[in-house]
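Structural description and commentary
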Amino acid sequence: MKAIEISKPGGPDVLMLAERPMPEPAYDQVVIKVAYAGVNRPDALQRAGLYNPPKGASDLPGLEAAGEVVSCGAGVNGLRVGDQVCALLPGGGYAEYVATPAAHCLPIPEGLSLKQAACVPETFFTVWSNVFMRGGLQAGQRFLVHGGSSGIGTTAIQLAKAFGARVFATAGSADKCAACVALGVEDAFNYREDDFVEKLQALGGADLILDMVGGPYIQRNLKALADDGKLVQIAFLQGPKADLNLVQLMTRRLTITGSTLRPQSDLAKARIADALRAHVWPLLAAGKVAPVMDQEFALADAAAAHARMESSAHIGKIVLKVS
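Computed from a predicted model, the values in this text were never measured in an experiment. Residue positions are given per chain, counting from 1 as you read along its sequence in written order. Reporting in this predicted model follows two pLDDT cut-offs: at least 70 for local features of residues, and 80 or more for side-chain atom pairs to be given and counted; totals over whole chains, interfaces and linings ignore these cut-offs and use all residues. By convention in this description, side-chain values take in all heavy atoms of the structure and omit both hydrogens and water.

Right, let's talk about the nonpolar core for a bit. Generally speaking, a soluble globular protein has its nonpolar side chains buried in company with each other. Buried Ala, Val, Leu, Ile, Met, Phe, Trp, Tyr and Cys residues form a nonpolar core when they are joined through side-chain atoms within 4.5 Å. Whether a residue is buried, partly exposed or exposed follows from its accessible area with a 1.4 Å probe, protein chains only, as a fraction of its type maximum: under 20%, in between, or over 50%, in that order. In this structure, Phe143, Leu210 and Leu276 are the most contacted members of the largest nonpolar core, which totals 50 residues. In terms of residues, this core owes the most to one element, helix H3 (residues 121–134), which gives six residues. Residue contacts are defined here by distance: any two heavy atoms, one from each residue, within 4.5 Å place the two residues in contact. Setting aside chain neighbours within four positions, we find leucine 210 in contact with Asn130, Val131, Phe143, Leu144, Val145, His146, Ile152, Ala156, Val232 and Ile234. Listed in part, the 27 residues of the second largest apolar core include Ile4, Ala37, Ala302 and Ile318. Secondary structure elements are taken from DSSP: a helix is a run of H or I of four residues or more, a strand is a run of E of two residues or more, and numbering for both begins at the N terminus.

Here you go:
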């Protein structure tokens, strides 16, 4: 099969089209013929040598895909050859075929194309597990998501809005802020011009903040929280370290938590998949939430897809057309 390999750690140009053996399904796994694969920040981190795949996972990048089941391993129930699915992957999505646990596959949401469905798993698994399962977001609460025009951001805005939260976002340009407003945020703050801390404090503070920036944002996020608020950290684009005054955690009863999706157990991911099927798939089928699409690239042009993502010019998800 054709696949995109990481020839060596480095920039987008180290992604190379190659030939690989087709995967075989292990116990409880299926093999999917990939139609489209989503492009995500962890793929770029892996490419740069900063995010190694977990033990037993493919060394190929790609954490989500949509396509057709072509083989099933022993122990697989509920899926059969010919089913169309979208799936969270341990790796290997930048290829014509990929193996993944059957429990991490979900049916294509009614009304969505394979292209759209390929952009659902990574962001929806991440947002649901962090904002709702870990963060406990409730209707009426004030929710701030940084990077509101990103794949994670556009997903978080829509889901939080659908479940009744008051939603706010930061973004890096007027166009990106406008895109956040179009998705339903109460206000979007251009982080190059606005102080989101002052804006949130004037409203009484955020009950929950979803952040992937880290670094100097960590202390600012704590200041922007309401008493009893939660900061959920899912990435560190500006570094994982910060000087913090932890007294405010005690006096204001704040919580700092977070998670990464890829290293979690197969069972933990299966439980997230079950929750998405029950609570989110009906919203997708009803058109109340939908993946925001940016641009499509051919599999052979994966380097150009990574370059666009790292330029931060995109709004929503970037996708690779595989077959």
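Within the secondary structure, glutamate 296 is located in strand E14 (residues 293–298). Separated by 43 residues in sequence, glutamate 296 and arginine 253 have C-alpha atoms that sit 45 Å apart. Once residues lying within four places of it in the same chain are set aside, the contact partners of glutamate 296 are Tyr36, Lys115, Val319 and Lys321. Whenever a nitrogen or oxygen atom comes within 3.5 Å of another N or O atom, the pair is scored as a polar contact, on the condition that within protein one atom can donate a hydrogen and the other can accept it, and that pairs from neighbouring residues in sequence are kept only if both atoms are in side chains. Polar side-chain contacts of glutamate 296 include one of 3.0 Å to the side chain of lysine 115.

Excluding any residue in a salt bridge, patches collect residues exceeding 30% relative accessible area, merging like charges within 9 Å and nonpolar Val, Leu, Ile, Met, Phe, Trp and Tyr side chains within 5 Å. Computed with the Shrake-Rupley method and a 1.4 Å probe, the accessible areas treat only the protein chains shown as cover for residues. Throughout this description, the term salt bridge denotes a Lys or Arg side-chain nitrogen within 4 Å of a carboxyl oxygen of Asp or Glu. Taken together, the side chains of Leu244, Leu246 and Ile256 present a nonpolar region at the surface, about 230 Å² in accessible area. Note on placement: leucine 246 falls in the loop between strand E12 (225–233) and helix H8 (247–251).

Sizing a probe to match a water molecule and rolling it over the atoms shows the empty space that remains. Think of a 1 Å grid over the protein atoms and nothing else: a 1.4 Å probe that fits but is trapped marks a cavity, an open set flanked by protein within 12 Å on at least five of seven lines marks a pocket, and residues with an atom within 4 Å of a point count as lining. Grid points are joined across faces, edges and corners, and a volume is the space filled by probe spheres set on the points. Computed from the structure, the largest pocket encloses a volume of approximately 1,200 Å³. Lining of the largest pocket is provided by 44 residues; of these, Arg41, Ser150, Met212, Ala235 and Leu237 occupy positions nearest its centre. Of all the elements in the fold, those that place two or more residues in the lining of the largest pocket are helix H1 (41–47), H3, helix H4 (151–162), strand E9 (166–171) and strand E15 (317–321). By volume, the second largest pocket amounts to about 390 Å³. Around the second largest pocket sit 28 residues that line it, and Gly56, Ala57, Ser58, Pro90 and Ala99 are the ones nearest its centre. The set of elements that each furnish at least two residues to the lining of the second largest pocket consists of strand E6 (97–101) and helix H9 (266–279).

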